[in-house]
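Coordinate inspection notes
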Amino acid sequence: MEYGATIQKLLVKDKNGKQVNVVAGHDQPEAYLEDHISLGACVGRYAGRISKGGFNLEGTFFPLYNENGIHLHGGEEGFGQKYWTLKEHRSGKQPFLQLAYESAHLEEGYPGNLSATVTYTLVGSTLKILFEATTDKTTVVNLTNHAYYRLDNEDSIEHYQLELKCNSILDVDGQLVPTGRFNEVLNTQYDFSKKKQIGKVHLDTPFTFTPNCKNAAQVSSKVSGIIMKVTTDQPAIVIYTPTSFPAICFETQNYPDAPNHSHFPTSVLRPGELYRNESSFSFETL
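Residues numbered from 1 in each chain as written. Predicted model: local features only at pLDDT ≥ 70, side-chain atom pairs only at ≥ 80, totals over all residues. Heavy atoms only, no water.

A short note on the overall build of the protein
Secondary structure summary: the protein contains zero helices and 25 strands in total. The C-alpha atoms of the protein give a radius of gyration of 18 Å, which matches the 19 Å a tight globule of 286 residues would have. Principal axes of the C-alpha set define a box for the protein whose edges measure 55 × 45 × 35 Å. Taken over 286 residues, the protein has a buried fraction of 55%. Summed over its atoms, the accessible surface of the protein is roughly 13,200 Å², and 47% of this surface lies on carbon and sulfur atoms. (Helix = DSSP H or I, 4+ residues; strand = E, 2+ residues; numbered from the N terminus. Rg over C-alpha atoms; globule rule 2.2 N^0.38 Å. Buried < 20%, exposed > 50% of the residue type's maximum accessible area, 1.4 Å probe, protein only. Areas by Shrake-Rupley, 256 points an atom, 1.4 Å probe, with all protein chains shown as cover.)

Some thoughts on the side chain of Thr 205
Structurally, the position occupied by Thr 205 is in strand β19 (residues 204-208). Owing to a relative accessible area of 6%, Thr 205 belongs among the buried residues under this scheme. Apart from residues no more than four positions distant in its own chain, Thr 205 is found in contact with Ile 169, Tyr 190, Ile 237, Val 238 and Ile 239. (Contact = heavy atoms within 4.5 Å.)

Details of unusual backbone geometry
In this structure, Arg 45 follows Gly 44 across a cis peptide bond, with omega equal to 10 degrees. Along the chain, Arg 45 falls in the loop between β3 (42-43) and β4 (49-50). Notably, Glu 58 is not glycine yet its phi reads approximately 50 degrees, a positive angle. Mapping Glu 58 onto the fold places it in the loop between β5 (54-57) and β6 (60-63). With a phi angle near 60 degrees, Asp 257 is a residue other than glycine that sits in the positive phi range. Tracing the backbone through its elements, the reader meets Asp 257 in the loop between β23 (248-253) and β24 (268-269).

Overview of the pattern of salt bridges
All chains considered together, the criterion is met by six salt bridges. The partner of Asp 171 in a salt bridge is Arg 181, and the shortest N-O contact between them spans 2.9 Å. Taken as a pair, Asp 171 in strand β16 (residues 168-172) and Arg 181 in strand β17 (residues 178-184) lie far apart in primary sequence, ten residues in all. For Asp 171, a relative accessible area of 13% translates into the label buried. The partner of Arg 276 in a salt bridge is Glu 278, with the nearest N and O atoms 3.2 Å apart. On the basis of relative accessibility, which here comes to 40%, the residue Arg 276 falls in the partly exposed class. (Salt bridge = Lys/Arg side-chain N within 4 Å of Asp/Glu carboxyl O.)

Purely geometric stuff here, so don't read any function into it on its own.
Rendered as structure tokens:
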């Protein structure tokens, strides 16, 4: 949909050949106007949290919309509540569509006029999502898609098997803002280095990866037999399991709050540079 560049539905065949919509969403597009959890939406200009009510950039402090000092998913509205423009599309073999959004200078507090695009491409049983952006003033940018994946129609995801190729997570405070430290996952509840059931573990957690890690994440359901593999060129995946409905979100992105941590991978984008974030979500059956 143009609203939020949102993925409303993604049909995948299960182990019995039956089509399953693996993206949680609303049947009626109008319902998304009341959505405040970014169902299937593309979020920005900065996905995740930014602390301190803003950030310093080239000697200037840029205050952002915040609640109790925390800025989340781009602000009061963010890109997920904006109407994107359909720029290009193609059907047939490897169908794709590209949507664009122009974010004005100081929208939500961010400097620079940002031109952003998201391109969705279907290659066989793989959904590829490519974000690109340019700016006319130095700014920060961190875009991601916020689809909530459901691999079956069960009322829980505790039986999902999850595997992550990561050794650490970002340490966060009580407001889920990174402290700047890293925590090893070995022998903790966040250790999914070997495939295991999610169980009772609630995740709202930034897992760190080596960029271009092949199959950085994998999740599967024995009920449907569907396996989803996630590949990304980004250094982190924020994995979120909501408590109000059964689903799991894989937010492939830069580190949350990177503008306030100089030792995190930079989120700065300058004029003449191209921001690029490419992730793939591949499906197969057990």
